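Summary of structural features
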Amino acid sequence: MRSVHVTAPATNSWVEVARPTTGPTDVLLKVRACGICGSDALYSTHGGIPPRQGATPLGHEPAAEVVEVGAQVVGITVGDHVVVDTMAFADGLLGSGGAQGALSEFVLVTDAAPGRQLKVIPDHVPWEVAALNEPMAVALHAVNRTDPKPGDKVVVFGAGPIGLGAVLAYRRKGVGHVVVIDILPSRLEKALQVGADAVINSAEEDVAARLVELHGDGSSAHVRGVRPGTDVYLDAAGAPAVPRTVTSIAKHGATFGVVAVHKKPVEIDFGAVLTTELNLVWAMGYPTEIFEVTDDIVENWEKYALIISDVLPFVRALDALSLAATPGAADKVVVLFD
């Protein structure tokens, strides 16, 4: 079968590999869609993912159809549409250093157990939308880490897939007001479509002043100057200006969550931040959220579909990786299989 691998630094290639054989405790999946993640470009740049040596399979955002079920497997049926916990495979992280990747025609789930690696979804959810399950779980985990309370005033930096997924998650948590900050008008328009109350173009507007207008004055005796009344900030952008901005404007006791990957060190003046008692939290992966987000995607798939910017066929998977890796060329790219 055909599979896409990282074969050298900055090089992705088609590779012919053996189609997996289904054992009595296994489930064979025919991949129907797979999203492209920013980390795929990172893996490609480095020529693979340690500790693997040689060709590294790519693809960790799949939606799939069950085509074979081992005799000892219960709760899974041929023809089921499923989303996948790529971190629960016995042979390593799917598409992130493990033996398999979802940019392949078939993927084998060994020692399969319903609710562990797989969750069945209704057939009406489009494959490309179902493939958002993994990144939306990342977004939900980031939101959970910031521990929002009903009525909170929230700011999300970055209107890419994770930022938009966070907007949807904050809405489900019952926050009072969500502002999205980005520099691309098209992304800001999409943020409003998925549920943001307001947007700020940080290339054209004074972020602090605009947030005071939107979230009120959060000044207190603990810190000097006017501070926005924002309760929660989430960095889904990864731009160096974000942590510097948040630490300079956050009110006393606010929370700052970071889910974005910062590729270079960022300097923060802890002395200046100390008096704000800013709560700093980090988010990576989805320890419990991978299937918690699924029901909302099923119920509101039309809203999630807005996140997808480009859908390419599997025969153009290399083009999809290149498109997704080009800054500003696309927001969310999904590969759709025949």
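Structure: above.
Residues numbered from 1 in each chain as written. Predicted model: local features only at pLDDT ≥ 70, side-chain atom pairs only at ≥ 80, totals over all residues. Heavy atoms only, no water.

**As for the overall build of the chain**
Using the following cut-off: We count a stretch as a helix when DSSP gives it H or I for four or more residues in a row; a strand needs E for two or more, and each element gets its number in order from the N terminus. Each radius of gyration reported is based on C-alpha atoms, and the globular scaling rule is 2.2 Å times the count of residues to the power 0.38. Per-residue accessibility, obtained with a 1.4 Å probe over protein chains only, is compared with the maximum for each type, and a residue is labelled buried under 20%, exposed over 50%, and partly exposed between these values. Residue contacts are counted whenever heavy atoms from the two residues lie within 4.5 Å of one another. Surface accessibility in these figures is a Shrake-Rupley result with a 1.4 Å probe; residues are shielded only by whichever protein chains are displayed.
Within the chain one finds 11 helices and 16 strands. Its C-alpha radius of gyration of 21 Å places the chain within 12% of the 20 Å reference for a compact globule of 338 residues. Taken over the C-alpha atoms alone, the chain extends approximately 65 × 40 × 30 Å along its principal axes. Here the chain holds 338 residues, and 52% of them are scored as buried. Sequence-distant contacts, at least 24 apart, represent 66% of the contacts inside the chain between residues at least 6 apart. On the chain, roughly 14400 Å² of surface is accessible, and the fraction owed to carbon and sulfur atoms is 54%.

**What to know about the packing of helix 3 (residues 133-146) against helix 4 (residues 161-172)**
Note the following rule: Each axis is a line fitted through C-alpha atoms, and for a helix only the stretch in contact is used; angles between axes span 0 to 180 degrees, taken between their N-to-C directions. An angle counts as roughly parallel when it lies under 35 degrees, as roughly antiparallel when it exceeds 145, as roughly perpendicular when it falls between 65 and 115, and as oblique in every other case. Left-handed is the label given to a crossing in which the near helix is rotated counterclockwise from the far helix by less than a right angle, and right-handed is the label when the rotation is clockwise. When residues are grouped by polarity, Ala, Val, Leu, Ile, Met, Phe, Trp, Tyr, Cys and Pro land in nonpolar, Asp, Glu, Lys and Arg in charged, and all others, Gly among them, in polar.
Here helix 3 crosses helix 4 at 55°, and the two axes come no closer than 8 Å. Taken together, the axes of helix 3 and helix 4 lie oblique to each other. Pair helix 3 / helix 4 crosses with right-handed handedness. Residues Pro135, Met136, Val138, Ala139, Leu140, Val143 and Thr146 of helix 3 pack against Pro161, Ile162, Gly165, Ala166, Ala169, Tyr170 and Arg172 of helix 4. Considering only residue class, the contact of helix 3 with helix 4 consists of 11 nonpolar, two polar and one charged.

**Considerations on the sheet that holds strand 9 (residues 153-157)**
Just so we agree on the cut-off: For two strands to count as paired, DSSP must find a minimum of two bridges between them.
Spatially, the six strands line up as an open sheet ordered 11-10-9-12-13-14, and their pairing is parallel. Taken across any chain shown, the strands that pair with only one partner, and hence form the sheet edges, are strand 11 (198-201) and strand 14 (279-282). Averaged over all adjacent pairs, the angle separating strand axes in this sheet is 20°, with direction ignored. The pairing of strand 10 (residues 177-182) with strand 11 spans four bridges and is parallel. Among the inter-strand pairings, Val180 is bridged to a residue of strand 11, identified as Val199. Contacts between helix 5 (residues 185-194) and the sheet are confined to strand 10 and strand 11, with strand 11 contributing the most and set at about 170° to the helix. On top of the sheet, helix 7 (residues 241-249) reaches strand 9, strand 12 (232-235) and strand 13 (255-258); it is set at about 170° to strand 12, its chief contact.

**As for the side chain of Arg227**
Put simply, the rule reads: When charges are tallied, Lys and Arg are placed among the positive residues and Asp and Glu among the negative ones, while His and the ends of the chain are skipped. Note on definitions: salt bridges are taken to be side-chain nitrogens of Lys or Arg within 4 Å of carboxyl oxygens of Asp or Glu.
If you trace the backbone, Arg227 turns up in the loop between helix 6 (207-215) and strand 12. Buried and unpaired, Arg227 has Asp217 as its nearest opposite-charge partner, separated by 8.4 Å. Sequence-distant contacts of Arg227, that is, excluding residues within four places in its chain, are made with Val212, Gly216, Asp217, Gly218, Ser219, Thr247, Ser248, Ile249, Ala250, Lys251 and Thr276.

**With respect to the pairing of strand 13**
Of the two faces of strand 13, the one lined by Thr255 and Gly257 and the one lined by Phe256 and Val258 are each fully buried. Both strand 13 and strand 14 contribute to a ladder of four bridges, which runs parallel. Across the sheet, residue Gly257 finds its bridge partner in strand 14, namely Val281.

**Structural notes on the pattern of salt bridges**
Considering all chains together, one arrives at 13 salt bridges under this definition. Between Glu61 and Lys332 there is a salt bridge; the shortest N-O distance is 2.7 Å. Of the two residues, Glu61 is situated in the loop between strand 4 (56-57) and strand 5 (62-69) and Lys332 in the loop between helix 11 (317-325) and strand 16 (333-336); the sequence distance between them amounts to 271 residues. Using a relative accessible area of 2% as the deciding quantity, one classes Glu61 as buried. The partner of Arg171 in a salt bridge is Asp197, with the nearest N and O atoms 2.0 Å apart. Of this pair, Arg171 sits in helix 4 while Asp197 sits in the loop between helix 5 and strand 11, and the two are 26 residues apart along the sequence. The partly exposed category is assigned to Arg171, whose relative accessible area is 27%. Salt bridges linked by common partners bring Asp182, Arg187 and Asp331 together as one network.

**Structural notes on the sheet that holds strand 4**
One open sheet holds the three strands; their spatial order is 2-1-4, and the pairing between them is antiparallel. Here the strands that pair on one side only, and so sit at the sheet edges, are strand 2 (11-16) and strand 4. With two bridges joining them, strand 1 (residues 2-8) and strand 4 adopt antiparallel strand pairing. Opposite His5, over in strand 4, you have Pro57 as the bridge partner. Helix 11 contacts strand 1 and strand 2 of the sheet and is inclined by roughly 160° relative to strand 2.

**Remarks on the packing of helix 4 against helix 5**
Packing of helix 4 against helix 5 brings their axes to within 10 Å, and their N-to-C directions diverge by 25°. Relative to helix 5, helix 4 is oriented roughly parallel. Helix-helix and strand crossings are classified by hand; for helix 4 and helix 5 the assignment is right-handed. Facing Leu164, Val167 and Leu168 of helix 4, the residues of helix 5 in contact are Lys190, Ala191 and Val194. Residue composition of the contact of helix 4 with helix 5, by class: five nonpolar, no polar and one charged.

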